[in-house]
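A closer look at the structure
As a plain string of letters, each chain reads:
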Amino acid sequence: MFAGTLTKTADTAAAVFTGTIHNTKFDIAIQLETRAKMSERSPDYDVTAVNKSGRKVRIGTAWNETGNTSGNPYISMQLDVGLGPFRVNAVQTQEARKAKSEDFEIIPLVSNGTMKSGSISGELTAMDADNAFAGYIANMMFDLDFMLIENDFKTEETHPDYRIEVSSPKGNPIRVGSAWMAKSNRTGHDYVSLLINTPDGDLRVNAVQNEEQRGGQTFSIIPFVQSGDQQPDASSGLSLVA
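Treat the numbers as computed from the prediction; the structure is a model and nothing was measured.

**Quick look at the overall build of the chain**
Summing up its helical and strand segments, the chain has 1 helix and 17 strands in all. Expressed as a percentage of the 242 residues in the chain, the buried residues total 45%. Sequence separation of 24 or more characterises 36% of the internal contacts of the chain that already satisfy a separation of 6 or more.

**Details of the nonpolar core**
Residues Leu124, Ile137, Phe146, Leu148, Ile164 and Leu194 are the most contacted members of the largest nonpolar core, which totals 25 residues. For this core, the secondary structure elements donating two or more residues are strand E10 (121–126), strand E11 (133–138), strand E12 (143–150), strand E13 (162–167), strand E14 (173–183), strand E15 (190–198), strand E16 (201–208) and strand E17 (218–223). Once you skip the residues sitting within four places of it in the chain, Leu194 turns out to touch Phe146, Leu148, Ile164, Ser178, Ala179, Leu203, Arg204, Val205, Asn206 and Ala207. Grouped together as the second largest cluster of nonpolar side chains are 22 residues, Leu6, Ile30, Leu32 and Ala49 included.

**Some thoughts on the pairing of E11**
As judged from the 6 bridges shared by E10 and E11, these two strands associate in the antiparallel manner. Its bridge partner lying in E11, Thr125 is registered against Ala134. The antiparallel pairing of E10 with E11 creates a hairpin that spans 6 residues between the two strands, and Asp130 there sits at a positive phi of about 65 degrees. Sheet topology places E11 next to E12; 6 bridges connect them, and they run antiparallel. Across the sheet, the residue bridging to Tyr136 is Asp145, located in E12.

**A look at the environment of Ile120**
One can find Ile120 in the loop between strand E9 (114–115) and E10. Taking the C-alpha atoms as reference points, Ile120 and Ala138, 18 residues apart in sequence, are found 5.9 Å from one another. Ignoring any residue separated from it by four or fewer positions in sequence, one finds Ile120 in contact with Ile137, Ala138, Asn139, Phe142, Leu203, Val205 and Ile221.

**Structural notes on the packing of aromatic side chains**
Applying the stated criterion across every chain yields a total of 6 aromatic pairs. Ring geometry for Phe2 and Phe86: centres 3.9 Å apart, planes at 10 degrees, overall stacked. With Phe2 in the segment before strand E1 (3–8) and Phe86 in strand E7 (residues 86–91), this pair connects stretches of sequence that are 84 residues apart. With respect to burial, Phe2 and Phe86 carry one shared label: buried. Geometrically, the ring pair formed by Phe17 and Tyr45 is edge-to-face, given 5.9 Å between the ring centres and 90 degrees between the ring planes. Here the residue Phe17 occupies a position in strand E2 (residues 17–22), and Tyr45 occupies one in strand E4 (residues 45–50), the gap between them amounting to 28 residues. Using a relative accessible area of 8% as the deciding quantity, one classes Tyr45 as buried.

**Some details on the sheet that holds strand E6 (residues 73–79)**
Sheets are built from strands paired through backbone hydrogen bonds, the pairs being either parallel or antiparallel. Strand order in the closed barrel formed by 8 strands is E1-E2-E3-E4-E5-E6-E7-E8, with antiparallel pairing between adjacent strands. Adjacent strand axes in the sheet meet at a mean angle of 30 degrees when their direction is disregarded. Across 6 bridges, the pairing between E2 and strand E3 (residues 27–34) is antiparallel. Along E3, the bridge assignment pairs Thr18 with Gln31.

**Some thoughts on the side chain of Thr48**
With respect to the helices, strands and loops of the structure, Thr48 is situated in strand E4. There is a polar contact of 3.1 Å between the side chain of Thr48 and the side chain of Glu33. Filtering out sequence-adjacent residues up to four positions away, Thr48 remains in contact with Ala29, Ile30, Gln31, Glu33, Lys56, Val57, Arg58 and Ile59.

**Structural notes on the side chain of Ser76**
The residue Ser76 is located in strand E6 in this model. Given the relative accessible area of 4%, Ser76 is considered buried. A polar contact of 2.7 Å, which involves the side chain of Ser76, links it to the side chain of Arg87.

**Considering unusual backbone geometry**
With a phi close to 55 degrees, Lys100 is a non-glycine residue in the positive phi region. Position of Lys100 among the secondary structure elements: in the loop between helix H1 (94–98) and strand E8 (103–108). Assessed through its relative accessible area of 74%, Lys100 is described here as exposed.

Basis of the calculations
- Residues numbered from 1 in each chain as written.
- Predicted model: local features only at pLDDT ≥ 70, side-chain atom pairs only at ≥ 80, totals over all residues.
- Heavy atoms only, no water.
- Helix = DSSP H or I, 4+ residues; strand = E, 2+ residues; numbered from the N terminus.
- Buried < 20%, exposed > 50% of the residue type's maximum accessible area, 1.4 Å probe, protein only.
- Contact = heavy atoms within 4.5 Å.
- Core = buried A, V, L, I, M, F, W, Y, C linked by side-chain atoms within 4.5 Å.
- Pairing = 2+ DSSP bridges.
- Phe/Tyr/Trp six-rings, centres within 6.5 Å; stacked < 30°, edge-to-face > 60°.
- Axes fitted to C-alpha atoms, helices over the stretch in contact; angles between N-to-C directions.
- Polar contact = N/O pair within 3.5 Å; in protein donor to acceptor, adjacent residues only side chain to side chain.

It is worth stressing that arrangement in space is one thing and function is another; only the former is reported here.
Here it is, written out as structure tokens:
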């Protein structure tokens, strides 16, 4: 569960990129500084930050990459801030690319694993304004309060209807997943399909209404159960547009 921003600096600056990275436990300012490459796969950058004592420390490395499918450039980072190593990507939205902006958004690296969701509790409530939802999801290992914010970049039917956000300690939004409005082929009832990134993998759940809730603003979150109903493609769940 990570988010953040990265911006290319002036060519004369010591750091090639500056930015911030956020988690539910920290908010850290980072810099990407060019390093000497020893081979083709050697990192292109050192990622540095300033610790509580004011000392600049190296917290990871980064590579310039190109998407195999999209052909778009992005930056892959492997970081460790004392919680164990993790991977994130810095990518650009369609709007940033069209504007030829040097701004990137940091998102979690989409994992290939899917977390089993047998013991999950949660609730989702439609807000009165902004076409948003507020909710929580919990099990014995985590307890997250989150918001569903409408996806303004949706241009295709398969794109998410909402992005799922939690807050860092300083209140910075962290995108942790995507959500789609759906309709059950079997019952005809509306529900919300959610894909949430957790440290243990991608978690799939559905927000549904029981007979007492139907017609109201509250949904109960239940484990995802494979059925004949059409489900969104999980492979694109955490991208900024798809």
